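Reading the structure
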Amino acid sequence: MRRLQVSAEITLQAVSKVFPGGNAAVREVSLQIEAGEVFVVMGLSGSGKSTLLRMINGLIRPSSGAVVVREQPLDQLSSRNLQKLRRSAMAMVFQSFALFPNRNVLDNAAFGLEVAGVPRQERQAKAKQALERVGLGDQHERWPQQLSGGMQQRVGLARALALDPPILLMDEAFSALDPLIRRDMQTLLLALQSEQQRTIVFISHDLDEAIRIGDRIALMKDGQLLQCGTAQDLLQQPANPQVRHFFQDVDAASVLPVELIVDPTPPTLALPEGASRPDVQAIPKLSYVVDGQRRFHGVIAAEGGWIPASQAVHLLEGTLIREAMDQVAQTPYPTPVLDRDQRLLGVITPRRLLQALQQGCPC
């Protein structure tokens, strides 16, 4: 799991939006979105998620409550300063590709920079760089109608990236794509995020998508926030029956980490102080060797062989149970699970893994 910065980038304070006729699209929603996280707002059609996104970038003014972006309350900004904030800090990717049919790929990718008044040579250089990042470096001269849906959406993403925004707002950006291309775009987004962290607010109605890309998920229904947390939080500790129902068909092994199913008490051997390895001959049985801080140093296999930590198969905390299955099945000893400081948390056997899958994991 990615480690996040802790400064709030976007804050929603009891935000509501009531449209003419009394239709309340959003009702008293409070959220803090941290810098550098992929924050997914999800719910079915009519849940208020897209209205919420448009309040974040100031396209829609809330009826009550406050939206604060990068410590700037949007309701206190003049139209000019709000526009300046949008151009300097935010970019948006829509479900519809919104490409101009009379502009080639390069000019489409450069359009936001053109609106911002960036000189032609500079904006084309930045657009070319953005197109390279989304895998379209050789498509500059093609026209939108010559591209597949997935390629068109890559151009839309490149147009946003060319602005180099610290905040990226994505409104159902991949929902118009077929499943395989959609997954490719999710993979691309995660790869771009690993290269350069941005604050991404991603609107989706697809639970699998939310779980795959989101550091945290805000689940909405009828304009209200049902719960906000990691996928693990929502699966293991649903705030109400509605959240539980939403997650009832989720593959828990694709959400929950391996540390939840470890045996925390494997046979261990304390490494003598100052020693680089144990006396293997004196320990004929399987043992996991740790130091005084429980840092993992290796395994003494059942037949008496010594496997140092650098060669021992292991899993890190945060690895999803589903991702660990092949490794656990193929390792000739119970697979050790380590924390980020290389301390031994416990081990997983194939039998324990199978029990967890049969029981639906420890939810």
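Below or above, wherever it landed, is the structure these notes cover. Given the structure is predicted, the values throughout are model-derived calculations rather than measurements.

Quick word on the packing of helix H6 (residues 149–162) against helix H7 (residues 179–195)
Between H6 and H7, the shortest axis-to-axis distance is 10 Å and the interhelical angle comes to 20°. Taken together, the axes of H6 and H7 are roughly parallel relative to one another. Every pair of crossing elements has a handedness; the one defined by H6 and H7 is right-handed. Here Gly150, Gln153, Arg154, Leu157 and Leu161 of H6 lie close against H7, whose contacting residues are Ile181, Asp184, Met185, Leu188 and Leu192. Residue composition of the contact of H6 with H7, grouped by class: six nonpolar, two polar and two charged.

As for the pattern of salt bridges
Two side chains of opposite charge can pair, provided their charged atoms sit close to one another. One pass over the structure, following the stated rule, counts 13 salt bridges. Here glutamate 114 makes a salt bridge to arginine 103, at a shortest N to O gap of 3.0 Å. In this pair, glutamate 114 is assigned in helix H4 (residues 111–115) and arginine 103 in the loop between strand S6 (90–93) and helix H3 (105–109), connecting sequence segments eleven residues apart. A relative accessible area of 32% places glutamate 114 in the partly exposed class. Three or more residues are tied together by salt bridges with common partners; here these are Asp339, Asp341 and Arg343.

Quick look at unusual backbone geometry
Phi at arginine 294 takes a positive value of approximately 65°, unusual for a residue other than glycine. Looking at where arginine 294 falls in the secondary structure, it is placed in the loop between strand S12 (287–290) and strand S13 (296–300). Overall, arginine 294 belongs to the partly exposed group, its relative accessible area being 30%. One non-glycine residue, glutamine 342, lies in the positive phi region at around 65°. Mapped onto the secondary structure, glutamine 342 falls in the loop between strand S16 (335–338) and strand S17 (344–348). Under the relative-accessibility criterion, glutamine 342 is labelled partly exposed at 36%.

Side note on the nonpolar core
Leu157, Met170, Phe247 and Ile348 are the most contacted members of the largest nonpolar core, which has 65 residues in total. A per-element tally of this core places H6 first, with six residues. Discounting chain neighbours no more than four positions away, the residues touching methionine 170 are Leu53, Val93, Leu157, Leu189, Ile200, Val201, Phe202 and Ile203. Membership of the second largest hydrophobic core comes to 30 residues, among which are Val41, Leu74, Leu77 and Ala89.

Each value, and the rule that gives it
- Residues numbered from 1 in each chain as written.
- Predicted model: local features only at pLDDT ≥ 70, side-chain atom pairs only at ≥ 80, totals over all residues.
- Heavy atoms only, no water.
- Axes fitted to C-alpha atoms, helices over the stretch in contact; angles between N-to-C directions.
- Helix = DSSP H or I, 4+ residues; strand = E, 2+ residues; numbered from the N terminus.
- Parallel < 35°, antiparallel > 145°, perpendicular 65-115°, else oblique.
- Left-handed = near helix turned anticlockwise from the far one by under 90°.
- Contact = heavy atoms within 4.5 Å.
- Nonpolar A, V, L, I, M, F, W, Y, C, P; charged D, E, K, R; others polar.
- Salt bridge = Lys/Arg side-chain N within 4 Å of Asp/Glu carboxyl O.
- Buried < 20%, exposed > 50% of the residue type's maximum accessible area, 1.4 Å probe, protein only.
- Core = buried A, V, L, I, M, F, W, Y, C linked by side-chain atoms within 4.5 Å.

None of this, on its own, says anything about what the molecule does.
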